Amino acid sequence: MSGLLERYISHHLNIWIDQGARKIFDAGCGYGTWGYKLMTEHPHENLHIEGADLYMEGMAYAQELGKAYKGIHRTDLSRDSLPFSYQEFDIALCQGVLAHLEKAQGHDLIYELRRVSKHMIFSAPTSLFQHTNLLNNPHIEPLQHKSSWSPKDFWRHGMKVRGFDIRGRHEKITYLDAFFSPWTFRLPWLAGALVAFN
């Protein structure tokens, strides 16, 4: 995840928290880095963060990382309904998960997160590519992306979309990339990654 994209997501989360959001759901929490980040940035806000994932090792690590999560649910986000009531959470955070689902499953997850939260924020790549996890676990790597996402995919859910990086430029960054990257923010169909939010 690019540094600018991560800072942009943090910016929106901080705005919502400053406006009184306290209950956060981290869909696909993995190793819990977002929950830990939020707890360390807002130590006096009494945040209630819950997460969901399938990968047991990551969930165990997330549970211990700064004790940020009040609960982590073993949930297959590609098919399971979330065990929460209507708008139980102020914010649903879903970073890098949609690409690992088939497109129809991803849209179903967006509908489900809309049901359980007041605000949502997603990140997703605009092209299919392989990447490896920093811990390089052989049971989950290489993680193959199953879907790519376009601004239209999020617009159909009534979401705002911003672009980051240059589409198709995962390896080498050049001066040309540095010149064009700022344009992708407002022209997300040129971007390599998207942030969508409501």
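Residues numbered from 1 in each chain as written. Predicted model: local features only at pLDDT ≥ 70, side-chain atom pairs only at ≥ 80, totals over all residues. Heavy atoms only, no water.

**Overview of the pattern of salt bridges**
Counted according to the given criterion, the structure contains nine salt bridges. The salt bridge partner of Arg 79 is Asp 76, with a shortest N-O separation of 3.0 Å. On the accessibility criterion, Arg 79 (65% relative accessible area) is exposed. Taking the shortest distance from any N to any O, the salt bridge between Lys 103 and Asp 153 comes out at 2.8 Å. Placement of Lys 103 in helix H4 (residues 103–116) and of Asp 153 in helix H5 (residues 151–155) is noted, with a sequence separation of 50 residues between them. For Asp 153, a relative accessible area of 12% corresponds to the buried category. (Salt bridge = Lys/Arg side-chain N within 4 Å of Asp/Glu carboxyl O. Buried < 20%, exposed > 50% of the residue type's maximum accessible area, 1.4 Å probe, protein only. Helix = DSSP H or I, 4+ residues; strand = E, 2+ residues; numbered from the N terminus.)

**Quick look at the pairing of strand E9 (residues 193–197)**
Across the five residues of E9, five count as buried, placing the element largely inside the fold. Sheet topology places strand E5 (residues 117–125) next to E9; five bridges connect them, and they run antiparallel. Bridging from a neighbouring strand, Ile 121 pairs with Phe 197 of E9. Pairing between strand E8 (residues 160–164) and E9: five bridges, direction antiparallel. When the sheet's bridge partners are listed, Phe 164 is paired in E9 with Ala 193. (Pairing = 2+ DSSP bridges.)

**Description of the side chain of Arg 162**
Position of Arg 162 among the secondary structure elements: in strand E8. Setting aside its immediate chain neighbours within four residues, Arg 162 contacts Tyr 8, Phe 185, Arg 186, Pro 188, Ala 193, Leu 194, Val 195 and Phe 197. (Contact = heavy atoms within 4.5 Å.)

**Remarks on the sheet that holds E9**
The seven strands are arranged E3-E2-E1-E4-E5-E9-E8 in an open sheet whose pairing can be described as mixed. Every other strand in the sheet has two partners, leaving strand E3 (69–74) and E8 as the edge strands with one partner each. Neighbour-to-neighbour, the strand axes of the sheet open up by a mean angle of 15°, direction not taken into account. Seen against the sheet, helix H3 (residues 56–64) touches strand E2 (48–53) and E3 and runs at an angle of roughly 170° to E3. (Axes fitted to C-alpha atoms, helices over the stretch in contact; angles between N-to-C directions.)

**Quick notes on the packing of aromatic side chains**
Inspection of the entire model under this criterion finds nine aromatic pairs. Centre to centre, the rings of Phe 122 and Phe 154 are 6.1 Å apart; their planes meet at 40°, and the pair counts as tilted. You can see Phe 122 sitting in strand E5 and its partner Phe 154 sitting in helix H5, a full 32 residues away along the chain. Considered together, Phe 122 and Phe 154 belong to a single accessibility category, that of buried residues. Connected via pairs of aromatic rings, a cluster forms that spans Tyr 8, Phe 164 and Phe 197. Of note, Lys 23 hangs over the ring of Phe 89, and the distance from its end group to the ring centre comes to 5.2 Å. (Phe/Tyr/Trp six-rings, centres within 6.5 Å; stacked < 30°, edge-to-face > 60°. Lys NZ or Arg CZ within 6 Å of the ring centre and 35° of its normal.)

Function cannot be inferred from these measures alone, as they are strictly geometric.
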